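Close look at the chain arrangement
What follows is each chain in one-letter form.
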Amino acid sequence: MSRVLIVGAGLTGSLCACLLRREMANKVKIVVWDKSRGAGGRMSTSRSPSNAACTADLGAQYISATPFYAQIHQSFYEELLAHSILKPLVAPVEGMIMKEDLRDFVTPKGVSSIVKHYLRESAGAEVLFEHHVTRVCQKGAGWEVHRQGGEAETFDAVVLTMPVPQILQLQGDMRSLIDESQRRKLEAVSYSSRYALGLFYEAGVRIDVPWAAKYIADNPCIRFISIDDKKRSLDSPDCGPSVVVHTGVPFGVRHLEGTREEVEPLILGELQKVLPGLPQPISIKFQKWRYSQVTAAVPDCPGQMTLCSSPLLVCGGDGFMHSNFDGCVESALKVTEVLKSSL
Ligand SMILES: Cc1cc2nc3c(=O)[nH]c(=O)nc-3n(C[C@H](O)[C@H](O)[C@H](O)COP(=O)(O)OP(=O)(O)OC[C@H]3O[C@@H](n4cnc5c(N)ncnc54)[C@H](O)[C@@H]3O)c2cc1C
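Residues numbered from 1 in each chain as written. Predicted model: local features only at pLDDT ≥ 70, side-chain atom pairs only at ≥ 80, totals over all residues. Heavy atoms only, no water.

Per an unreviewed UniProt entry, the protein chain goes by Amine oxidase domain-containing protein and derives from Anguilla anguilla.

See below:
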């Protein structure tokens, strides 16, 4: 039985694990490693430090399907709707560019519930967090994969799903494996950068605004605010509201190397201008998205790039398509095709 390592438990990695499990059930042993403490990647749902039942989505906010993707990915949407992981967006969003033919969904249990669903569906896969891959070296007919603070392990095939700049940072044989044309393509990828704050409030606190989320056009720092529980149409009496704030990209880029101590007060100061009188939260989560959304994908490699076909080393993720649910689904489908024909 072939051992396949999937690096990254974000949407692309978890869906690859699920598809591989469904399509090659007993032919592969699937292992997923992620450097974080939990699943989700940029589809992460953060818990309030003071009450784990209260959550906020600090990365992706909505799942929006164009008619094209609603049709070609119909089975994925139907599955998530059937499990109540997706629900139509009904709460009012101000300033959103409404496209009539776009179908918008929210995730009542938080956006990471999509990723967790696919990991659950990969029954039998070994999913390990706090496994930070540092080096990939060819060893015989397989790959020896090294990680921070742990033993290296050998796999028959490896799938890399992290943002492309993080793929390029890997040590070992990566330098010699990537040919000049592939390197040029990988280096052509670009991402936006932004910060996100999650503000958690005591139960009973009310935030009186007529919207559930709002795009801000005229602030030098803040681009988007969501009353996250309202956006997801939640009604949990034990939790107070949770507010998500995204900065704009120019602010994110300008302060990219800033520390939390430097950047958080700037965002909170601007938030008071946008929403004067906002009460003091009981806790705040701070997130720097160095690689937020893809602004230029890897050219001419729809969904995946195969760095080595034997033993197989393949990269996928939104960097090879575009930054949303459908971009990741498309990439996971392409990576799975390559795995199926190789193993
Ligand atoms: C602020 C923000 C808002 C967004 N809004 C939306 C939205 O509204 N709708 C939408 O559809 N999409 C949105 N997106 C985009 C969407 O979140 C991404 O396209 C998607 O989550 C990418 O998934 P992925 O699995 O390809 O990559 P990731 O989610 O980045 O997953 C990669 C995983 O690899 C892990 N990793 C990285 N390096 C290593 C290593 N060396 N060793 C082990 N593990 C490693 C990371 O921890 C991560 O979990 C948004 C993203 C951001 C940041």
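Right, let's get into the packing of helix H1 (residues 11-23) against helix H11 (residues 325-342). When two helices pack together, you describe them by how their axes are tilted relative to each other and by the distance separating the axes. Running from N to C, H1 and H11 cross one another at 45 degrees; their axes reach a closest spacing of 8 Å. Comparing their axes, H11 and H1 come out oblique. The two elements H1 and H11 meet at a crossing, and its hand is right-handed. Facing H1, whose interface residues are Leu-11, Thr-12, Leu-15, Cys-16, Leu-19, Leu-20 and Glu-23, H11 presents Phe-325, Cys-328, Val-329, Ser-331, Ala-332, Leu-333, Val-335, Thr-336, Leu-339 and Lys-340. Per-class residue counts for the contact of H1 with H11 are twelve nonpolar, three polar and two charged. (Axes fitted to C-alpha atoms, helices over the stretch in contact; angles between N-to-C directions. Helix = DSSP H or I, 4+ residues; strand = E, 2+ residues; numbered from the N terminus. Parallel < 35°, antiparallel > 145°, perpendicular 65-115°, else oblique. Left-handed = near helix turned anticlockwise from the far one by under 90°. Contact = heavy atoms within 4.5 Å. Nonpolar A, V, L, I, M, F, W, Y, C, P; charged D, E, K, R; others polar.)

Looking at the secondary structure, you find His-246 in strand E19 (residues 242-247). Its relative accessible area of 8% is what places His-246 among the buried residues. A polar contact of 2.9 Å, which involves the side chain of His-246, links it to the backbone oxygen of Leu-58. If we skip the residues at most four places from it in the chain, His-246 touches Leu-58, Gly-59, Gln-61, Arg-194, Tyr-195, Ala-196, Cys-221, Ile-222, Arg-223 and Phe-224. (Buried < 20%, exposed > 50% of the residue type's maximum accessible area, 1.4 Å probe, protein only. Polar contact = N/O pair within 3.5 Å; in protein donor to acceptor, adjacent residues only side chain to side chain.)

This model, assessed by the stated rule, comprises 17 salt bridges. Taking the shortest distance from any N to any O, the salt bridge between Arg-22 and Glu-79 comes out at 2.8 Å. With a gap of 57 residues between them, Arg-22 in helix H1 and Glu-79 in helix H3 (residues 74-82) connect regions that are remote in the sequence. We classify Glu-79 as buried; its relative accessible area is 17%. In this structure, Arg-232 and Asp-57 form a salt bridge, with 3.8 Å as the shortest nitrogen-oxygen distance. Of this pair, Arg-232 sits in the loop between helix H8 (228-231) and E19 while Asp-57 sits in strand E4 (residues 51-57), and the two are 175 residues apart along the sequence. You can call Arg-232 buried: its relative accessible area is 2%. In this structure, a network of salt bridges that share partners links the residues Asp-57, Asp-228, Lys-231 and Arg-232. (Salt bridge = Lys/Arg side-chain N within 4 Å of Asp/Glu carboxyl O.)

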